[in-house]
Amino acid sequence: MSDVRVRFAPSPTGYLHVGGARTALFNWLWARRTGGKFLLRIEDTDQQRSTPEAVEAILVGMKWLGMEPNEPIVYQMARHQEHKELCLELIERGAAYADFSDPAVEAAKRETLQAEKKQYKFDGSAYRNVPLAEQKVRMAAEPGQYAIRLRIPDSGATSWKDVVHGEIVVNHSELDDFIILRRDGSPIYNLAVVSDDHFQRVTLILRGDDHISNTPKQILIYQAMGWDVPQFGHLPMILGPDKVKLSKRHGATAVGDYGDMGLLPEAMINFLALLGWSPGDDTEVMSQEELIKRFALERIMPKAAVFDLQKLFWLNGQHIGKSEPAFLFEKCGGVNAFHRELDDTVTTAIYLWKTRVRKLDELVTAAKVVWEDPVEFEAEGVKKQFSDAKVYERMTNLSDAFSELTEFTHESTEGVLRQLVEAETAATGEKVAAGKYIHPCRLLLTGRTVGPGLFELVVAIGRDACIRRLRKRITN
């Protein structure tokens with residue numbers, strides 16, 4: 001087994017969105033590619049915004065995608081005491097100190113500097129060099145009156161080799177002594193994350209590039225504790241087709257909702273994988289197994305990815321087309337969707353239509369025309385095909401010819417249709433196109449102007465139903 005351990009750590013303040021799902025997927029793929037472990041941590045320390053409903057939505061979305069963790073889920077709030085103990089340990093090591101400054105005074109300084117378009121930086125000179133013993137005495141005497149800050153080195157820089165962006169260097173002069181424990185005793189994100197990642201023995205932290213600014217702060221905490229620093233990688237932002245940050249108006253929604261939109265999780269995973277990663281060639285349609293086999297960190301692209309809903313639907317259509325009818329029957333909802341058990345008729349219907357649809361609900365609707373007479377007909381098709389005065393005569397002749405067949409097969413049904421075309425051509429002295437029969441026939445049989453091969457469809461529908469439908473009169 002590999003020693004690779006990666007994690008997905010969402011904040012349960014909303015649903016599992018596309019960006020979060022992409023982050024989870026890249027971590028999951030790397031764990032599967034290397035034989036490592038994929039971990040899930042719920043970062044629920046924001047008690048005002050975190051909700052049980054959001055946690056459930058995240059778990060449902062992860063389960064739908066098939067990305068369940070290898071170990072029990074860790075809830076960040078449950079490790080609250082360990083986070084506080086780490087802060088005290090950092091003070092003991094001289095890497096942090098107690099800050100007794102007046103928050104109101106600091107806030108006023110910040111506002112003044114912002115108004116002058118200058119950067120605020122905390123001046124800890126009054127507290128950072130106070131001897132440890134004196135700090136402890138005052139901390140005991142004035143509980144709730146201090147925060148704990150990490151002591152940033154006076155010079156130098158923190159750097160790391162980002163697996164996506166390459167070498168990144170941040171000078172310590174750009175950082176100030178940041179808070180790791182608030183006055184109310186609650187830990188700051190950067191402290192809690194380091195504590196939890198160390199506890200879970202995470203070896204690679206692959207997350208969104210909005211966290212780049214957090215990374216040097218976290219590395220400094222690792223170093224202060226003498227812990228091994230994991231690898232870091234930061235994934236680019238996902239944009240809408242208009243190159244603006246992805247939002248609901250671009251079609252983004254809870255990942256789990258895409259299942260209700262008729263999408264296969266296999267297609268969603270395929271789509272998410274291509275948002276910022278390339279297999280190295282022009283291949284786009286890939287199974288889960290292919291993605292795992294081909295996934296490589298060096299092929300994650302540092303530029304922003306573009307979310308294209310139409311491409312997602314196209315990929316879904318490709319996956320539907322490659323799937324077996326029995327699999328699709330279950331994914332569509334089984335008997336509840338098709339209103340009959342999976343039999344030869346249903347299997348044939350799914351097979352006929354599966355390469356011609358983009359969503360599962362479209363497949364159900366299309367397949368059911370094999371055993372359910374259509375009640376709606378495409379208006380443009382009716383206008384075009386039934387404006388010919390001879391169309392009903394042709395359809396009646398075709399239904400009569402079908403009724404006389406001893407064998408109702410692809411060859412026999414096509415044969416009689418071709419004979420009718422030839423007979424009409426001979427009788428009128430004008431060339432009659434086969435489409436004069438084929439197109440209105442398909443429309444009467446299915447209510448649609450396009451579909452599978454007509455004669456495969458005719459056989460699947462059956463003689464009696466074909467005759468009944470061909471004798472139906474519709475108006476334009």
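**Student:** Looking at this model, I keep getting lost on the overall build of the protein chain. Mind explaining?
**Tutor:** Of the regular secondary structure elements, the protein chain holds 21 helices and twelve strands. Against the compact-globule benchmark of 23 Å for 476 residues, the protein chain has a radius of gyration of 32 Å, which places it well outside the compact range. Taking the principal axes of its C-alpha atoms as reference, the protein chain extends roughly 110 × 50 × 40 Å. Here the protein chain, with 476 residues, has 49% of them falling under the buried criterion. Contacts in the protein chain between residues at least 24 apart in sequence constitute 76% of all its contacts with a sequence separation of at least 6. Surface exposure of the protein chain reaches about 23,200 Å², of which carbon and sulfur atoms provide 49%. Of note, the protein chain has its 60 positive side-chain charges centred 3 Å away from the centre of its 67 negative side-chain charges.

**Student:** Any chance you could explain the pairing of strand β2 (residues 37-42) here in plain terms?
**Tutor:** Every other side chain in a regular strand lies on the same face of the sheet, so the side chains alternate between the two faces. In terms of burial, β2 is a largely internal element, five of the six residues being buried. As a crossover connection, the stretch from strand β1 (residues 5-8) through helix α1 (residues 18-34) into β2 is right-handed. Tracing the backbone out of β2, into helix α2 (residues 52-65) and back to the parallel element strand β3 (residues 74-75) gives a crossover that is right-handed.

**Student:** What is the right way to look at the packing of helix α9 (residues 265-273) against helix α11 (residues 309-322) in this model?
**Tutor:** Any two packed helices are characterised by the angle at which their axes cross and by the distance between the axes. In contact at an axis separation of 9 Å, α9 and α11 are set at 130° when each is read in the N-to-C sense. Between α9 and α11, the angle falls in the class oblique. In terms of crossing hand, the pair formed by α9 and α11 is right-handed. The residues of α11 that touch α9, namely those facing Glu266, Ala267, Met268, Asn270 and Phe271, are Lys311, Leu312, Leu315, Asn316 and His319.

**Student:** Please clarify how the packing of aromatic side chains should be interpreted in this entry.
**Tutor:** Where two aromatic rings form a pair, the distance of their centres and the angle of their planes describe that pair. Overall, the coordinates contain ten aromatic pairs when judged by the stated rule. Seen in terms of ring centroids, Phe100 and Tyr146 are 5.3 Å apart; in terms of plane orientation they differ by 45°. Their pairing is tilted. Of this pair, Phe100 sits in the loop between β4 (96-99) and α4 (103-115) while Tyr146 is found in the loop between α5 (132-141) and β5 (147-150), placing the two residues 46 residues apart along the sequence. Pairing Phe386 with Tyr392 gives two aromatic rings, centres 5.4 Å apart and planes at 45°, and the pair type is tilted. On the basis of relative accessibility, which here comes to 7%, the residue Phe386 falls in the buried class. Each member of the aromatic cluster is reached from another via a ring pair, and the members are Phe26, Trp30, Trp277 and Phe295. A cation sits over an aromatic face here: Arg340 above Trp371, 5.1 Å from the ring centre. Here the basic side chain of Arg473 rests over the ring of Tyr392, its NZ or CZ set 3.7 Å away from the ring centre.

**Student:** Just to check I follow, could you spell out the pattern of salt bridges for this structure?
**Tutor:** In a structure, side chains of opposite charge can pair up when their charged atoms sit close to one another. All told, the structure shown has 24 salt bridges when counted by the stated rule. With a closest N to O distance of 3.6 Å, Lys118 and Glu116 form a salt bridge. Under the relative-accessibility criterion, Glu116 is labelled partly exposed at 44%. Connected through salt bridges with shared partners, the residues Arg7, Arg41, Glu43, Arg79, Asp196 and Asp197 form a single ionic network.

**Student:** Hey, could you run me through the side chain of His172 in this one?
**Tutor:** Here His172 lies in the loop between β7 (166-171) and β8 (179-181). Aside from chain neighbours lying at most four places away, what touches His172 is Lys121, Ile152, Pro153, Ser155, Gly156, Ala157, Thr158 and Leu220.

**Student:** Is there a simple way to explain the side chain of Thr23 in this structure?
**Tutor:** Here Thr23 lies in helix α1. Non-local contacts of Thr23, meaning those with residues more than four positions away in its chain, are made with Phe8, Leu206, Arg207, Gly208 and Leu235.

**Student:** Got a minute to help me understand the nonpolar core in this structure?
**Tutor:** In summary, soluble globular proteins display a tendency toward joint burial of nonpolar side chains. Grouped together as the largest cluster of nonpolar side chains are 56 residues, with contacts concentrated most on Phe338 and Phe402. Filtering out sequence-adjacent residues up to four positions away, Phe338 remains in contact with Phe329, Cys332, Val346, Ile350, Val364, Ala367, Lys368 and Trp371. Grouped together as the second largest cluster of nonpolar side chains are 51 residues, Ala21, Ala24, Phe271 and Leu297 included.

**Student:** What is the right way to look at unusual backbone geometry in this model?
**Tutor:** Most peptide bonds are trans, and most residues other than glycine sit at a negative phi. The backbone of Lys117 shows a phi angle near 60°, a positive value even though the residue is not glycine. A relative accessible area of 78% places Lys117 in the exposed class.

**Student:** Explanation requested: the sheet that holds β8 in the structure shown.
**Tutor:** Strand order in the open sheet formed by three strands is β4-β5-β8, and the pairing between neighbours is antiparallel. Looking at strand neighbours, the two that pair on one side only are β4 and β8, the edges of this open sheet. Between one strand and the next, the sheet's axes are offset by a mean angle of 40°, whatever the strand orientation. With two bridges connecting them, β5 and β8 associate as antiparallel partners. When the sheet's bridge partners are listed, Arg149 is paired in β8 with Ile179.

**Student:** Help me understand helix α6 (residues 189-199), please; the structure alone is not making it clear to me.
**Tutor:** α6 sits mainly inside the fold: eight of its eleven residues count as buried. Residues of α6 that are buried include every one of Asn190, Leu191, Ala192, Val193, Val194, Ser195, Asp196 and Asp197, and no others. Looking at the residues trailing α6, positive phi occurs at Arg201, about 55°.

**Student:** I would appreciate a short explanation of the environment of Phe8 in the present structure.
**Tutor:** Within the secondary structure, Phe8 sits in strand β1. Placed 211 residues apart in sequence, Phe8 and Ile219 show a C-alpha to C-alpha distance of 19 Å. The residues contacting Phe8, other than those within four sequence positions of it, are Leu16, Gly20, Thr23, Ala24, Phe38, Leu39, Leu40, Arg41 and Met62.

**Student:** Explanation requested: the pairing of β7 in the structure shown.
**Tutor:** With six bridges joining them, strand β6 (residues 157-162) and β7 adopt antiparallel strand pairing. From the neighbouring strand, Asp162 faces β7, where its bridge partner is Gly166.

**Student:** When you look at helix α14 (residues 344-353) in this model, what are you seeing that I'm missing?
**Tutor:** Residue pairs three or four apart in sequence face the same way in an α-helix, which turns once every 3.6 residues. Within the span of α14, buried status applies to Val346, Ala349, Ile350, Leu352 and Trp353. All buried residues of α14 fall inside an arc of 160° around its axis, so they share one side. Facing away from the buried side of α14 by over 90 degrees, the exposed positions are Asp344 and Tyr351. Buried residues along α14 sit against α12 (325-332), α13 (335-338), α15 (360-367), α19 (435-446) and α20 (454-461).

Procedures and definitions
- Residues numbered from 1 in each chain as written.
- Predicted model: local features only at pLDDT ≥ 70, side-chain atom pairs only at ≥ 80, totals over all residues.
- Heavy atoms only, no water.
- Helix = DSSP H or I, 4+ residues; strand = E, 2+ residues; numbered from the N terminus.
- Rg over C-alpha atoms; globule rule 2.2 N^0.38 Å.
- Buried < 20%, exposed > 50% of the residue type's maximum accessible area, 1.4 Å probe, protein only.
- Contact = heavy atoms within 4.5 Å.
- Areas by Shrake-Rupley, 256 points an atom, 1.4 Å probe, with all protein chains shown as cover.
- Lys, Arg positive; Asp, Glu negative; His and termini not counted.
- Charge placed at Lys NZ, Arg CZ, Asp CG, Glu CD.
- Right-handed = clockwise from strand over helix to strand, strands pointing away.
- Axes fitted to C-alpha atoms, helices over the stretch in contact; angles between N-to-C directions.
- Parallel < 35°, antiparallel > 145°, perpendicular 65-115°, else oblique.
- Left-handed = near helix turned anticlockwise from the far one by under 90°.
- Phe/Tyr/Trp six-rings, centres within 6.5 Å; stacked < 30°, edge-to-face > 60°.
- Lys NZ or Arg CZ within 6 Å of the ring centre and 35° of its normal.
- Salt bridge = Lys/Arg side-chain N within 4 Å of Asp/Glu carboxyl O.
- Core = buried A, V, L, I, M, F, W, Y, C linked by side-chain atoms within 4.5 Å.
- Pairing = 2+ DSSP bridges.
- Arc of directions from axis to C-beta.

Take it as geometry only, folks, not as evidence of what the structure does.
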